[in-house]
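Fold and geometry: a report
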Amino acid sequence: MEERWSTEHVLSLAPDAASRKAAGKLSSPAPWSGTGTDGAALWGECRGSGRTPYRTVIELATPAYQCSCPSRKFPCKHALGLLLLWSGTSEAVPAGEPADWAAEWLRARRERAEKRAAPPADPEAARRRAERRGARVAAGAAELRLRLADRIRHGLADQSTAGPWEEVAARMVDAQAPGLATRVRELDTLPEERLLEEYAMLHLLATAATRIDELPPELAATVRARVGYTLDAAEVLTGPTVRDRWLVLGSRDTADERLTTRRVWLRGAKTGRPALLLAFGRPGQAPDLALPTGHLLEAELAYHPGARPLRAALGTRYGAPEPGPAAPPAGLTVAEAVAGYGTAVADDPWLDSWPTVLAGVVPVRAPDGWHLTDGHHTVPVRTSAVPEAALWRLVAVSTGRPLTVFGEYGHQGFAPVTAWSAEHRPVGLSSS
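A brief look at the structure comes next. (Residues numbered from 1 in each chain as written. Predicted model: local features only at pLDDT ≥ 70, side-chain atom pairs only at ≥ 80, totals over all residues. Heavy atoms only, no water.)

Another aspect to go through is the sheet that holds strand β4 (residues 64–67). Read across the sheet, four strands follow the order β1-β2-β3-β4 without closing on themselves; strand pairing throughout is antiparallel. At either margin of the open sheet sits one strand with a lone partner, and together these are β1 (32–37) and β4. For this sheet the average axis-to-axis angle between neighbouring strands, irrespective of direction, equals 10°. Both strand β2 (residues 41–46) and strand β3 (residues 54–59) contribute to a ladder of six bridges, which runs antiparallel. Pairing of Ala41 across the sheet is with Glu59, part of β3. (Pairing = 2+ DSSP bridges. Helix = DSSP H or I, 4+ residues; strand = E, 2+ residues; numbered from the N terminus. Axes fitted to C-alpha atoms, helices over the stretch in contact; angles between N-to-C directions.)

Here it is as structure tokens:
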């Protein structure tokens with residue numbers, strides 16, 4: 001039997017609250033006609049204010065959407081409404097073959113995917129471009145080392161000759177090192193007591209970027225990723241893959257004026273390996289990856305190369321996400337979590353945090369901020385990453401009793417993402 005999505009899963013795709021509300025009004029059969037599904041896609045026509053109904057088609061695996069409406073939001077309310085209709089009742093969206101207009105869009109998507117997966121037409125030209133970029137990155141990194149040394153010579157307290165770092169960041173963009181540019185921009189926002197630490201870590205990264213060919217392959221891959229080299233998912237998937245039943249530990253969206261980034265954390269049921277999936281959306285568009293927390297997805301993942309592999313590309317899926325185990329995932333004590341992060345940092349010195357499940361912890365609000373304690377050790381909560389309302393929700397889930405919490409642990413504290421209640425239901429903590 002076809003696995004249908006939960007209402008929570010569908011609404012997690014919405015770009016904003018207004019879209020969720022509007023989709024609810026389109027979740028009944030009344031405005032729809034010609035609906036259908038073949039197990040891989042949905043389609044249907046929705047009556048609107050005009051004479052011609054809006055044609056909506058959804059490819060479920062990614063998911064991806066197409067609608068003839070003029071909305072700039074993505075997915076639009078019609079796509080969300082069709083998903084809600086399908087998730088609610090099988091009779092409203094019967095099995096069948098795609099309508100011609102839906103089949104044409106699905107076929108065009110497959111052709112584009114095959115074209116992206118094709119090898120480069122001119123490998124020699126690609127090699128020359130890579131060499132030119134490597135030289136520019138090395139030159140930019142060398143300049144950054146000089147700028148950092150100059151600031152240290154003048155002293156952190158002497159700001160008379162220290163202008164904003166934006167000019168240096170622009171130089172790093174010109175050098176095709178966007179990762180360095182991002183870290184440089186952040187220097188203008190850091191408190192003075194953290195500047196020396198960040199100068200040191202940035203100097204270490206710039207030094208590694210100038211000597212990248214001398215590093216071990218795994219560490220060199222880590223440095224490239226930190227500097228700003230990117231790999232397409234198709235390229236990553238040409239390497240080794242890991243097939244497992246992956247437990248969805250949680251997800252979190254962050255947004256700025258240019259991009260919404262969705263992070264989805266997984267843990268292999270057999271391998272125990274953590275994995276991080278990233279998806280992106282333009283303003284007004286939700287990222288296209290949505291996996292329900294607490295579910296299991298059997299799939300192949302390919303890890304991006306690095307000294308401490310974590311980020312992965314999602315490959316072949318073997319079915320839809322299924323409800324996970326009734327019990328919360330196995331977790332660590334606070335002391336074990338600290339030791340685990342230390343081991344990870346030994347491989348990747350620039351690692352700010354590591355995905356961690358804490359077991360048997362209680363949230364506590366103290367005069368110096370929020371903490372999680374297991375009765376023996378305490379870890380501070382990184383409140384800058386979690387809304388205040390979400391922390392009070394964590395207290396409500398706990399009701400003073402120990403619980404299991406998933407999040408990211410690092411040198412600035414623990415950022416909770418998901419908690420498991422006494423009924424063992426996962427509760428998301430990523431939004432207010």
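On we go from here.
Topologically, Gly250 is positioned in strand β5 (residues 242–255). Separated by 154 residues in the primary sequence, Gly250 and Thr404 have C-alpha atoms spaced 13 Å apart. Contact partners of Gly250, with chain neighbours within four places excluded, come to Arg263, Val264, Trp265, Thr293, Phe406, Val417 and Thr418. (Contact = heavy atoms within 4.5 Å.)

This part takes up the pattern of salt bridges. Should the charged atoms of two oppositely charged side chains come close, the side chains can pair. Applying the stated criterion across every chain yields a total of 19 salt bridges. Ionic pairing is found between Arg185 and Glu166, a salt bridge with its closest N-O pair at 3.5 Å. Residue Arg185 is located in helix α7 (residues 178–186), and its partner Glu166 is located in helix α6 (residues 166–174); the two are separated by 19 residues in the primary sequence. Overall, Glu166 belongs to the partly exposed group, its relative accessible area being 41%. (Salt bridge = Lys/Arg side-chain N within 4 Å of Asp/Glu carboxyl O. Buried < 20%, exposed > 50% of the residue type's maximum accessible area, 1.4 Å probe, protein only.)

What follows is about the packing of helix α2 (residues 17–24) against helix α3 (residues 77–88). Contact geometry of α2 with α3 gives a least axis separation of 8 Å together with a crossing angle of 55°. Relative to α3, α2 is oriented oblique. The handedness of the crossing between α2 and α3 comes out as right-handed. Residues Ser19, Ala22, Ala23 and Gly24 of α2 form the contact with α3, whose participating residues are Lys77, Leu80, Gly81 and Leu84. Here the residues of the contact of α2 with α3 sort into four nonpolar, three polar and one charged. (Parallel < 35°, antiparallel > 145°, perpendicular 65-115°, else oblique. Left-handed = near helix turned anticlockwise from the far one by under 90°. Nonpolar A, V, L, I, M, F, W, Y, C, P; charged D, E, K, R; others polar.)

Pairing is antiparallel in the open sheet, where six strands are placed in the order β13-β12-β11-β14-β15-β16. The open sheet terminates on both sides in strands that have one partner only, identified here as β13 (378–380) and β16 (426–428). The sheet shows a mean angle of 50° between the axes of neighbouring strands, direction not considered. Two elements, strand β11 (residues 353–366) and strand β14 (residues 403–410), share seven bridges in a ladder whose sense is antiparallel. Directly across from Pro355, in β14, lies its bridge partner Glu408. Relative to the sheet, helix α11 (residues 334–347) contacts β11, β12 (369–373), β13 and β14, its axis offset from that of β11 by approximately 145°.

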